[in-house]
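Spelled out, the chains give:
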Amino acid sequence: MWELLTGRILFKGGTDFYSAIRHLADMIAIIGPVPPELVEREKAWRWWWCGDEILNSNGRLCGNAAEFYGGPFFTDDEGTFIGNHLVAKTRLWENEVPKCISKEEIDVFFKFMRRMLAWLPEDRATAGELKDDPWLYQ
């Protein structure tokens, strides 16, 4: 959606190559801190794997999710994001409004986007719910 409206990627995840930790840093900069329950899920699942070792995008043979994605991403003790130094402190989502969105539409547009970009999957709106969003009928 974002790319269609802006021609830019909202969460780049790196410049020359994809990095999951940079992707998370981009997400934190735009939508805020990761909720504790999601951090706990990452900790619980980081060593999970259900099959043979496979190559990740860097060509490394991996046997679990943490290795595959380049994690772990949070400290074991307090669940602090280990890539905090990568989070752009000056990046504000509201400053990245697509040019095609009028000033009158901004609030309704961001409400629509926040329904899609919730950290917890169970908090995200489904496509069926989004199809009736007021922003689509402006």
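Here the structure is shown first, and the text comes after it.
Computed from a predicted structure; not experimentally measured.

Visitor: An account of the overall build of the protein is requested, with residue identities and associated values reported.
Guide: From N to C terminus, the protein includes 6 helices and 2 strands. Along the chain direction, N to C, the helices and strands of the protein fall in the order α-α-α-β-β-α-α-α. Seen along its three principal axes, the alpha-carbon backbone of the protein occupies a region of about 50 × 30 × 30 Å. Evaluated residue by residue, the protein yields a buried proportion of 37% over its 138 residues. Taking contacts inside the protein between residues at least 6 apart in sequence as the whole, the part at least 24 apart equals 52%.

Visitor: Describe a nonpolar patch on the surface, naming the residues involved and giving the relevant values.
Guide: Residues Met1, Leu136 and Tyr137 make up a contiguous nonpolar surface patch of about 320 Å² in total accessible area. With a relative accessible area of 59%, Tyr137 lands in the exposed category.

Visitor: Would you mind going over the side chain of Arg91 in detail, with residue names and values included?
Guide: Positionally, Arg91 belongs in the loop between α4 (65–69) and α5 (106–116). Taking relative accessible area as the criterion, Arg91 reaches 16% and is therefore assigned buried. A polar contact is formed between the side chain of Arg91 and the backbone oxygen of Leu10, at a distance of 2.7 Å. In terms of polar contacts, Arg91 uses its side chain to reach the side chain of Glu96, at 2.5 Å. In contact with Arg91, other than residues within four places in its own chain, are Ile9, Leu10, Asp26, Ala29, Ile30 and Glu96.

Criteria and thresholds
- Residues numbered from 1 in each chain as written.
- Predicted model: local features only at pLDDT ≥ 70, side-chain atom pairs only at ≥ 80, totals over all residues.
- Heavy atoms only, no water.
- Helix = DSSP H or I, 4+ residues; strand = E, 2+ residues; numbered from the N terminus.
- Buried < 20%, exposed > 50% of the residue type's maximum accessible area, 1.4 Å probe, protein only.
- Contact = heavy atoms within 4.5 Å.
- Patch = residues over 30% accessible without salt bridge, like charges linked within 9 Å, V, L, I, M, F, W, Y side chains within 5 Å.
- Areas by Shrake-Rupley, 256 points an atom, 1.4 Å probe, with all protein chains shown as cover.
- Salt bridge = Lys/Arg side-chain N within 4 Å of Asp/Glu carboxyl O.
- Polar contact = N/O pair within 3.5 Å; in protein donor to acceptor, adjacent residues only side chain to side chain.

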